[in-house]
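# Notes for the structure review
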Amino acid sequence: MTDSPNIQQVANLLHYFRAELAQAFDALELTTADETQTYLVHLLEGYARSTAESAQAIGFDKPAAFILGEAMSAAGERRIDAYRRLGDASLFSCGFFEERLDRTPVKSGYYRDMGRVAYSRLGELMAYKQPGGAFHIIFDELTRCFDSVVDAFRLLSQRRQPDHERLLLRFMRGSELDVDDWRLLGGLPGKDTGKA
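For the pair helix H2 (residues 34–48) and helix H8 (residues 146–157), interaxial distance at closest approach is 13 Å and the crossing angle is 45 degrees. With respect to H8, the axis of H2 lies oblique. Here H2 and H8 pass one another in a crossing that is right-handed. Between H2 and H8, the contacting residues are Leu40, Leu43 and Leu44 on the first element and Val149, Phe153 and Leu156 on the second. Residue composition of the contact of H2 with H8, by class: six nonpolar, no polar and no charged.

Here we take up unusual backbone geometry. Keep in mind that most residues, glycine aside, have a negative phi and that most peptide bonds are trans. We note that glutamate 29 has phi near 55 degrees; this positive angle belongs to a residue other than glycine. For glutamate 29, the location among the structural elements is in the loop between helix H1 (13–28) and H2.

Turning our attention to the pattern of salt bridges. Inspection of the entire model under this criterion finds 11 salt bridges. Between aspartate 81 and arginine 84 there is a salt bridge, and its shortest N-O distance comes to 2.5 Å. With a gap of three residues between them, aspartate 81 and arginine 84 both fall in helix H5 (residues 76–101), about one helical turn apart. With relative accessibility at 31%, the residue aspartate 81 sits in the partly exposed group. A residue is classified by how much of its surface remains accessible, and arginine 84, at 30% relative accessible area, is partly exposed. Each member of the salt-bridge network shares a partner with another, and the members are Glu98, Arg112, Asp113, Arg116, Asp147 and Arg154.

Calculation rules
- Residue numbers here run from 1 along each chain, matching the order of that chain's written sequence.
- Per-residue local features are limited, in this predicted model, to residues with pLDDT of at least 70; the limit for side-chain atom pairs, both in listing and counting, is 80 or more; totals at the level of whole chains, interfaces and linings are taken over all residues.
- Note that water and hydrogens are dropped before the side-chain values are worked out from all heavy atoms of the structure.
- Every angle, taken between N-to-C directions, lies between 0 and 180 degrees, and every axis is a line fitted to C-alpha atoms, over only the stretch in contact when it is a helix.
- Only DSSP runs of H or I covering at least 4 residues are called helices, and only runs of E covering at least 2 are called strands; the numbering of each starts at the N terminus.
- Note on angle classes: values under 35 degrees are labelled roughly parallel, values over 145 roughly antiparallel, values of 65 to 115 roughly perpendicular, and the remainder oblique.
- Crossing chirality is assigned from the near helix's rotation relative to the far helix, an anticlockwise turn below a right angle marking it left-handed and a clockwise turn marking it right-handed.
- We call two residues contacting when some pair of their heavy atoms lies within 4.5 Å.
- Amino acids are sorted into nonpolar (Ala, Val, Leu, Ile, Met, Phe, Trp, Tyr, Cys and Pro), charged (Asp, Glu, Lys and Arg) and polar (every other residue, Gly among them).
- Take a side-chain nitrogen of Lys or Arg and a carboxyl oxygen of Asp or Glu: if they are within 4 Å of each other, that pair is a salt bridge.
- Only protein chains enter the accessibility calculation, which uses a 1.4 Å probe; a residue is then buried when its area is under 20% of its type maximum, exposed when over 50%, and partly exposed in between.

This is the structure:
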């Protein structure tokens, strides 16, 4: 096996994703409960270990509407599992494959909406099943922060220019940038930087 410059070997995927996710959250100034970050770290680790055979269990092999239909018609734990698969697959797909999704007839906005709906229903189900439990907190937070978590996953997937990506995402979310930030991005708005 040859070493590829694009593949990084790590001793522990959970530790790796915890550090990477924390860095992405810091760059976006995103704060979530520790339980939510732990859930996301395990989600990333699980997907990193997925195989072609496990894609069916994850939910990548079916259209989102089919998984939503399964969730709505299922009972008990099967309902919870279907909503979780839909939310997780939507979050992961939007974070890591949004450009590919936007080249399909069903754009990434659809998957974002499906993910939020899935996590919202999960939050409601878990509030009923385990009032005050950690999963109620996690799924409520993922519903509220879905787009921000997608942005964090996008940072993880686009490690080429993390400072540029972080600043652009902050700007698009309405945060103010200072002069040094604009210089890093290549110039001040409305100013000719002299670069073609």
